[in-house]
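Close look at the chain arrangement
Letter by letter, the chains look like this.
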Amino acid sequence: MRRAVISDVPFIMALEKGAIDHPWQEQDIIALVEDANKICLVETDANGEITGYIGCDWVLDEASIGNIVVSPEHRRQGIGAGLISRLLSMLKDRGITVIFLEVRFDNEAAIALYTGLGFEVYNRRRDYYGEGIDALLMKKLI
Ligand SMILES: CC(C)(COP(=O)(O)OP(=O)(O)OC[C@H]1O[C@@H](n2cnc3c(N)ncnc32)[C@H](O)[C@@H]1OP(=O)(O)O)[C@@H](O)C(=O)NCCC(=O)NCCS
């Protein structure tokens with residue numbers, strides 16, 4: 001696992017497009033890699049190919065996970081949990097005390113992942129992702 005670099009952006013974009021209804025734009029991913037208040041981590045396989053990524057940003061002592069994707073053929077191998085755990089320790093080292101995220105109410109895999117790592121639902125935002133598609137707002141103290 002390592003910090004993403006600019007040459008990773010096309011591969012991160014490919015992961016996004018394969019997994020997310022409204023994928024981030026290239027400039028958003030570039031900002032994740034380059035900006036001082038953002039962290040983008042990637043996991044790679046034995047050939048150096050990117051199998052997953054996570055992006056987050058922070059303001060003062062509050063961070064939020066913008067996205068996390070693991071390639072379909074590498075899921076349920078602990079990559080998602082590993083990315084979040086590493087991110088949390090990096091954030092803690094920077095003095096961050098709380099981390100937030102939003103997740104579709106019906107995204108069972110992601111909700112199970114977050115809950116297992118100690119995130120708790122603190123609110124529900126109606127129709128956040130479209131009519132009838134609510135977001136659960138989750139947070140964890142770190
Ligand atoms: C959510 C996602 C990142 C999980 O990544 P992952 O690498 O497969 O997760 P892990 O292998 O680290 O799973 C850790 C734990 O989370 C839970 N979990 C993960 N996927 C699950 C699933 N499909 N069903 C139920 N529980 C699941 C399990 O408790 C799992 O532990 P276990 O395998 O020992 O039972 C992955 O499914 C993904 O990329 N989904 C599409 C993108 C997405 O929805 N991102 C979240 C946007 S908010």
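Just so we're clear, the structure is a prediction, and the values are computed from it rather than from any experiment.

Enumeration over the complete set of coordinates arrives at zero disulfides. With no disulfide of its own, Cys 40 has Cys 56 as its nearest cysteine by sulfur position, at a separation of 9.6 Å. Taking relative accessible area as the criterion, Cys 40 reaches 2% and is therefore assigned buried.

Take the sheet that holds strand β5 (residues 98-104) next. If you trace the seven strands from one edge of the open sheet to the other, you get β1-β2-β3-β4-β5-β7-β6, paired in mixed fashion. Strand pairing shows two members of the sheet lacking a second neighbour, β1 (2-3) and β6 (120-125), which therefore form its edges. Two strands pair when backbone bridges link them, and β6 and strand β7 (residues 135-141) are joined in this way by five bridges, in the antiparallel orientation. Paired with Glu 120 across the two strands is Lys 139, which belongs to β7. On the sheet, helix α3 (residues 79-93) packs against β1, β2 (38-44), β3 (50-59), β4 (62-70), β5 and β7 and is oriented at approximately 145° with respect to β2.

With that out of the way, let us pick up the layout of surface pockets. Taken as a whole, the largest pocket spans an internal volume of roughly 1,200 Å³. Lining the largest pocket are 36 residues, and of these Asn 67, Ile 68, Asn 107, Ala 110 and Tyr 114 lie nearest its centre. Counting only elements with at least two residues in the lining of the largest pocket, the list comes to β4, α3, β5, α4 (108-116) and β6. Looking at the lining of the largest pocket residue by residue, the classes come out as 22 nonpolar, eight polar and six charged.

Let us now look at the nonpolar core. One finds Ile 54, Leu 87, Leu 91, Ile 99, Val 103, Tyr 114 and Phe 119 to be the most contacted residues of the largest nonpolar core, which totals 26 residues. Only β2, β3, β4, α3, β5, α4 and β7 provide two or more residues apiece to this core. With seven residues, the top contributor of residues to this core is α3. In this structure Ile 54 touches Ile 39, Cys 40, Leu 41, Ile 65, Asn 67, Ile 68, Leu 83, Ile 84 and Leu 87, once residues within four positions along its chain are discounted. Counting residues in each nonpolar core, the second largest holds 13 residues, with Val 9, Leu 32, Val 42 and Val 69 among its members.

Take the pattern of salt bridges next. Within this structure, the stated rule accounts for six salt bridges. With a shortest N-O distance of 2.9 Å, Asp 106 and Arg 104 are connected by a salt bridge. Classification of Arg 104 by relative accessible area gives partly exposed; the value is 25%. A salt bridge links Arg 124 to Asp 134; its shortest N-O distance comes to 2.8 Å. One end of the pair, Arg 124, is in strand β6; the other, Asp 134, is in the loop between β6 and β7, and 10 residues separate them in sequence. Its relative accessible area of 37% is what places Arg 124 among the partly exposed residues. Using a relative accessible area of 4% as the deciding quantity, one classes Asp 134 as buried. What you see here is one network of salt bridges that share partners, running through Arg 124, Arg 126 and Asp 134.

Calculation notes
- Residues numbered from 1 in each chain as written.
- Predicted model: local features only at pLDDT ≥ 70, side-chain atom pairs only at ≥ 80, totals over all residues.
- Heavy atoms only, no water.
- Disulfide = S-S within 2.5 Å.
- Buried < 20%, exposed > 50% of the residue type's maximum accessible area, 1.4 Å probe, protein only.
- Pairing = 2+ DSSP bridges.
- Helix = DSSP H or I, 4+ residues; strand = E, 2+ residues; numbered from the N terminus.
- Contact = heavy atoms within 4.5 Å.
- Axes fitted to C-alpha atoms, helices over the stretch in contact; angles between N-to-C directions.
- 1 Å grid on protein atoms, 1.4 Å probe; cavity = no way out; pocket = protein on both sides within 12 Å on 5 of 7 lines; lining within 4 Å.
- Points joined across faces, edges and corners; volume = space filled by probe spheres on them.
- Nonpolar A, V, L, I, M, F, W, Y, C, P; charged D, E, K, R; others polar.
- Core = buried A, V, L, I, M, F, W, Y, C linked by side-chain atoms within 4.5 Å.
- Salt bridge = Lys/Arg side-chain N within 4 Å of Asp/Glu carboxyl O.

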